[in-house]
Amino acid sequence: FFQGGNTTDAFPQGMLEYAPHPAGSRCWVAETWGEADRAGWVWYRAGTDWCCPPPWRSAASMPRWASRATVIVERVEVRPVGEISEENAQATGAPPFIHELCTEDPRECYTPTRWRDGLAREWDARYGKRHPFAESPWAWLTWVRREAEP
C-alpha cells in the first residue's frame with residue numbers, strides 16, 4: 001500500500017528511515033467491526049452477508065484485541081506515486097475506475113478497468129489538496145505478508 005510523502009524533484013534523502021512501518025514491523029489490521037453482545041463476541045463486516053447486523057463501528061476505533069489479522073512488513077521502498085503499475089495499483093485495494101468507451105454504434109462499447117485511475121481518485125480524495133496524484137509525489141511502497149495464525 002502507499003502512504004503519502006512530500007512532492008520533490010529528487011529523492012528525498014532520509015525519507016526511507018521515516019517510513020511509518022519499517023521492514024520487520026508487525027502491524028495489526030483494523031476493519032469495520034461490531035460487538036454482538038456483552039460476552040465479547042466480535043463480528044466483522046467484511047465478507048459476510050448480514051441479516052441482523054450489530055451496530056457497526058469504524059475501523060479507526062478497533063482495539064488491538066479485536067483484530068483478527070496481523071501483517072509483517074517485508075520491504076519498504078520510496079518511489080514517485082505516479083510510477084505505480086496497474087498490477088501494483090490493483091494490489092493496493094483501491095477500487096478500479098471503469099471507463100465506458102463507445103463508438104457511434106452502441107454495440108461497440110467496451111469498459112476497460114483502470115486500476116491506476118481508481119488509485120488516483122482515492123489518493124486525491126485523501127492527499128490531493130497538498131500532494132495531488134498528478135504531481136507524482138514520493139510515497140512509501142510497503143510489501144506485507146499475513147502472519148501465520150498461532
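All chains use their own residue numbering, which begins from 1 and follows the written sequence. Local features in a predicted model are, by the rule used here, given only for residues with pLDDT of at least 70; side-chain atom pairs are given and counted only at 80 or more, and totals for whole chains, interfaces and linings are based on all residues. The side-chain numbers reported here are obtained from all heavy atoms of the structure, hydrogens and water having been left aside.

K.L.:
So what's going on with the side chain of S25? Residues and values would help.
P.N.:
Relative to the assigned elements, S25 resides in the loop between β1 (2-4) and β2 (26-28). Counting of polar contacts relies on pairs of N or O atoms within 3.5 Å, with two restrictions inside protein: one atom must be capable of donating a hydrogen and the other of accepting it, and residues adjacent in sequence are counted only when both atoms are side-chain atoms. Separated by 2.7 Å, the side chain of S25 and the backbone oxygen of P22 make a polar contact. We call two residues contacting when some pair of their heavy atoms lies within 4.5 Å. Every residue in contact with S25, bar those within four places of it in the chain, is listed here: V71, I72 and V73. Numbering goes from the N terminus for both helices and strands, where a helix is a DSSP run of H or I of at least four residues and a strand is a run of E of at least two.

K.L.:
Now, about the pairing of strand β5 (residues 70-80): what can you tell me, with residues and values included?
P.N.:
In this description, strands pair whenever DSSP reports at least two bridges between them. As defined by bridge partners, β2 adjoins β5 across three bridges and the pair is classed as antiparallel. Along β5, the bridge assignment pairs R26 with I72. Bridge analysis of β5 against strand β8 (residues 138-146) gives nine bridges, and the strand direction is antiparallel. For V76, the partnering residue across the bridge sits in β8 and is T142.

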